[in-house]
Amino acid sequence: MAIRYRATTTIRLNTDGIWGAWMLIVSPLVQAISWYYYFAKPDYGWLGLIALTSVTVPCGLVLLLIGRDYDSIVDETN
């Protein structure tokens, strides 16, 4: 009879993944607020914040994808 194995894998976010998740949540909110205040009173400060949040959204996605830790346990079953 062949030997059977069971693999159990758990995935957790490490520090980079947590930063990426926060960047994906907070950056669009900050950008929406910046657009609101920019249309109310145009200023270069708001445009700078809009540009910054436009960069942090894709960076947050990359950090969320690479910021994971994998733990695998392989057991022999009968």
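Asks: How do you make sense of the packing of aromatic side chains when you look at a structure like this?
Replies: Each aromatic ring pair is described using two quantities: the centre-to-centre distance and the angle formed by the ring planes. Evaluated as defined, the whole model comprises five aromatic pairs. Ring centres of Y36 and Y37 lie 5.3 Å apart, and the angle between their planes is 75°; on these two criteria the pair is classed as edge-to-face. The interplanar angle of 20° and the centroid separation of 5.3 Å between the aromatic rings of Y37 and W46 together place this pair among those described as stacked. The partly exposed category is assigned to W46, whose relative accessible area is 28%. Ring-pair connections join several aromatic residues into one group, and the members of that group are W35, Y38 and F39.

Asks: Even after reading the chapter, I still don't get the side chain of T56, so can you show me in this structure?
Replies: Tracing the backbone shows T56 in helix α2 (residues 44-66). Judged by its relative accessible area of 18%, T56 falls in the buried class. If we ignore the near neighbours within four places in the chain, the residues touching T56 are M23 and S27.

Asks: Honestly, the environment of D16 in this entry has me stumped. Any pointers?
Replies: Relative to the elements of secondary structure, D16 occurs in helix α1 (residues 15-40). The spacing of D16 and L65 is 49 residues in sequence and 9.2 Å in space, taken between C-alpha atoms.

Asks: How should the pairing of strand β2 (residues 68-77) be read in this particular structure?
Replies: When a strand is regular, its side chains alternate between the sheet's two faces. The element β2 is largely exposed, with a buried count of zero among its 10 residues. In the sheet, strand β1 (residues 4-13) pairs with β2 via 10 bridges, with the strands oriented antiparallel. Of the residues in β2, the one forming a bridge with T9 is S72.

Asks: Just checking my understanding: could you explain α1 for this structure?
Replies: An α-helical turn contains 3.6 residues, so a residue and the one three or four places further along point in the same direction. A rise of 1.5 Å per residue sets the reference length of α1, with its 26 residues, at 38 Å; its end C-alpha atoms lie 37 Å apart and thus fit the reference within 8%. Within the span of α1, buried status applies to G17, G20, S27, Q31, S34 and Y38. Taken together, the buried residues of α1 touch β1 and α2. Near the N-terminus of α1, the side chain that reaches the backbone nitrogen of D16, with its oxygen 3.2 Å away, is that of N14.

The rules behind these values
Residues numbered from 1 in each chain as written. Predicted model: local features only at pLDDT ≥ 70, side-chain atom pairs only at ≥ 80, totals over all residues. Heavy atoms only, no water. Phe/Tyr/Trp six-rings, centres within 6.5 Å; stacked < 30°, edge-to-face > 60°. Buried < 20%, exposed > 50% of the residue type's maximum accessible area, 1.4 Å probe, protein only. Helix = DSSP H or I, 4+ residues; strand = E, 2+ residues; numbered from the N terminus. Contact = heavy atoms within 4.5 Å. Pairing = 2+ DSSP bridges. Expected span 1.5 Å × (residues − 1). Polar contact = N/O pair within 3.5 Å; in protein donor to acceptor, adjacent residues only side chain to side chain.

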